[in-house]
Amino acid sequence: MIILKSPQEIAKIRAAGKIVAGAIEELKTRVRPGIKTKELDRIAEEFIHKKGGIPAFKGYRGYPNTLCISVNEEIVHGIPSDRVLEEGDIAGIDLGVLLDGYYGDAALTLPAGTISSQAKRLMETTEAALYKAIDAAVIGNRVSDIAHTIQSYVEGAGYSVVREFVGHGIGRSLHEDPPVPNFGEPGQGPQLREGMVLAIEPMVNAGRSDLFVLENGWTAVTKDRSLSAHFEHTVAVTKNGPLILTVL
Ligand code: MF3
Ligand code: CO
């Protein structure tokens, strides 16, 4: 069941999203060669608490941390650890915040130092796919129009989209209906309506789309060990078009 949100509720998701965006700004200045991923986690957790929010992922189905940090061939759900970022790494950082009963959720992929031109193009393509998908989050379109926009753009660039993980509705729960896949034929699934709030999150692999999950039970890795990138925003469907809620 899709729960439509009032303007007042969208404002609350926006407030949670503002904390998400603030934490991301902080992390952008800290991601570089030499930093431990658990140090980034601590910085984000402190920032969120200072702003009065609650990290959304910590404790969710037993997930241990505030951030997911997925490095290079890791796709999503990398667990912060003593791993030190190295020159040329790309780090997908995903975070959610609960504030006043509502969730915001966003992700981006950041470079550690100087990265290869291949890594840069993968990141740019994934981010561009997210913004094209957001442009498709308009009343009258259907959920799969978002999905198809992502898939056709990504595959047109010679990359593949991950199928096992999808975007989602968001609000009083981190994950609500509808699922928002990153692949599919256009014109399918629920119609987008005013008050729908969606977390749109393309995960793009430089090589094949196949993945496996590490022994930790969380971290998804490309089967062919190719690089992967992830970008996400929480977006409201409004009469005036898509409204990104996870911004400053
Ligand atoms: N952005 C991801 C999602 O919405 C991150 C979830 S990580 C988890 O599904 F730890 F909370 F599961
Ligand atoms: Co999400």
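Please read these numbers as outputs of a predicted model, since none were measured by experiment. (Residues numbered from 1 in each chain as written. Chains lettered and ligands numbered in written order. Predicted model: local features only at pLDDT ≥ 70, side-chain atom pairs only at ≥ 80, totals over all residues. Heavy atoms only, no water.)

K.L.:
I'm lost on the sheet that holds strand 12 (residues 220–222) in this one. Help?
P.N.:
In a beta sheet, neighbouring strands pair by backbone hydrogen bonds and run either parallel or antiparallel. Taking strand neighbours across the sheet as the criterion, the three strands line up as 3-12-11 in an open arrangement whose pairing is antiparallel. Of all strands in the sheet, those with a lone pairing partner are strand 3 (74–76) and strand 11 (211–213), marking the two edges. On average, each strand axis in the sheet is inclined to that of its neighbour by 40°, with strand direction left out of account. Strand direction decides the pairing type here: strand 11 and strand 12, joined by three bridges, are antiparallel. Opposite Phe 212, over in strand 12, you have Val 221 as the bridge partner. (Pairing = 2+ DSSP bridges. Helix = DSSP H or I, 4+ residues; strand = E, 2+ residues; numbered from the N terminus. Axes fitted to C-alpha atoms, helices over the stretch in contact; angles between N-to-C directions.)

K.L.:
Before we go on, may I ask you to explain unusual backbone geometry in this structure?
P.N.:
Outside of glycine, negative phi angles account for most residues, and trans bonds account for most peptide bonds. Cis geometry is adopted by the peptide bond preceding Pro 178, which originates at Asp 177 and carries an omega value of -5°. At Arg 61, a residue that is not glycine, the phi angle is positive and equals roughly 50°. Examined against the element boundaries, Arg 61 turns out to sit in the loop between strand 1 (54–55) and strand 2 (67–71).

K.L.:
I'm lost on the layout of surface pockets in this one. Help?
P.N.:
If you roll a probe as big as a water molecule over the atoms, it shows you where there is empty space left. Approximately 380 Å³ is the volume attributed to the largest pocket. What lines the largest pocket is a set of 20 residues, and nearest its centre among them are Tyr 60, His 77, Phe 165, His 175 and Trp 218. Here the residues of the lining of the largest pocket sort into ten nonpolar, five polar and five charged. Residue lining of the second largest pocket: 20 residues in total, with Ile 24, Lys 28, Leu 108, Glu 127 and His 233 positioned closest to the centre. Of all the secondary-structure elements, those providing two or more residues to the lining of the second largest pocket are helix 1 (7–30), strand 5 (102–111) and helix 3 (117–135). Of all the elements, strand 5 adds the most residues to the lining of the second largest pocket, at six residues. Taken together, the residues that form the lining of the second largest pocket break down as 13 nonpolar, three polar and four charged. (1 Å grid on protein atoms, 1.4 Å probe; cavity = no way out; pocket = protein on both sides within 12 Å on 5 of 7 lines; lining within 4 Å. Points joined across faces, edges and corners; volume = space filled by probe spheres on them. Nonpolar A, V, L, I, M, F, W, Y, C, P; charged D, E, K, R; others polar.)

K.L.:
Would you take a moment to explain empty space enclosed by the protein for this structure?
P.N.:
A full pass over the atoms with the stated rule returns one cavity of 30 Å³ or more. Of the pockets and cavities examined, the largest cavity occupies roughly 30 Å³. Taken together, Ile 2, Ile 3, Lys 5, Gly 169, Ile 170, Glu 176, Asp 177, Pro 178, Met 196, Val 197 and Leu 198 make up the lining of the largest cavity. Where the lining of the largest cavity is concerned, the elements lending two or more residues are strand 8 (176–180) and strand 9 (197–200). Across the lining of the largest cavity, the residue classes tally to seven nonpolar, one polar and three charged.

K.L.:
How should I be thinking about helix 1 in this particular structure?
P.N.:
Side chains three or four residues apart in an α-helix point the same way, a direct result of the helix having 3.6 residues per turn. Relative to the 34 Å expected for 24 residues at 1.5 Å per residue, helix 1 spans 35 Å between its end C-alpha atoms, a close match to the ideal helical length. Of all the positions in helix 1, only Ile 10, Ile 13, Ala 16, Gly 17, Ile 19, Val 20, Ala 21, Gly 22, Ala 23, Ile 24 and Leu 27 are classed as buried. Buried residues along helix 1 sit against helix 2 (37–50), strand 2, strand 4 (90–99), strand 5, strand 9 and strand 14 (233–238). (Expected span 1.5 Å × (residues − 1). Buried < 20%, exposed > 50% of the residue type's maximum accessible area, 1.4 Å probe, protein only. Contact = heavy atoms within 4.5 Å.)

K.L.:
Quick question: what am I supposed to make of the packing of helix 3 against helix 4 (residues 143–156) here?
P.N.:
Two measures define how a pair of helices packs: the angle their axes make with one another and the distance between the axes. Packing of helix 3 against helix 4 brings their axes to within 9 Å, and their N-to-C directions diverge by 150°. One finds that helix 3 runs roughly antiparallel with respect to helix 4. The handedness of the crossing between helix 3 and helix 4 is right-handed. Counting all contacts with helix 3, which are made through Thr 125, Ala 128, Ala 129, Lys 132 and Ala 133, the residues of helix 4 involved are Ile 146, Thr 149, Ile 150, Tyr 153 and Val 154. (Parallel < 35°, antiparallel > 145°, perpendicular 65-115°, else oblique. Left-handed = near helix turned anticlockwise from the far one by under 90°.)

K.L.:
Even after reading the chapter, I still don't get the coordination of the cobalt ion (ligand 2), so can you show me in this structure?
P.N.:
Six octahedral donors at a metal ideally form angles of 90 or 180 degrees, and four tetrahedral donors ideally form angles of 109.5 degrees. The protein atoms that coordinate the cobalt ion (ligand 2) are Asp 105 (OD), His 168 (NE2), Glu 201 (OE) and Glu 232 (OE), at distances of 2.1 to 2.3 Å. Because the angles between the six donor atoms bound to the cobalt ion (ligand 2) fall within 65 to 167°, the donor set is best described as irregular. Positions of the donor residues of the cobalt ion (ligand 2), expressed as sequence spacing, correspond to D-x62-H-x32-E-x30-E. With Asp 105 in strand 5 and Glu 201 in the loop between strand 9 and strand 10 (203–205), this residue pair connects regions lying 96 residues apart in the sequence. (Donors = N, O, S within 2.8 Å, 3.2 Å for Na, K, Ca; no water. Tetrahedral: all angles 85-135°; square planar, octahedral: opposite > 155°, others 65-115°.)

K.L.:
Any chance you could explain the pattern of salt bridges here in plain terms?
P.N.:
Once the charged atoms of two side chains with opposite charge are near each other, the side chains can pair. Overall, the coordinates contain 13 salt bridges when judged by the stated rule. Here Lys 36 makes a salt bridge to Asp 82, at a shortest N to O gap of 3.5 Å. One end of the pair, Lys 36, is in the loop between helix 1 and helix 2; the other, Asp 82, is in the loop between strand 3 and strand 4, with 46 residues separating them in the sequence. Residue Arg 83 is joined to Glu 74 by a salt bridge in which the shortest nitrogen-to-oxygen separation is 3.4 Å. Connected through salt bridges with shared partners, the residues Lys 36, Lys 38 and Asp 82 form a single ionic network. (Salt bridge = Lys/Arg side-chain N within 4 Å of Asp/Glu carboxyl O.)

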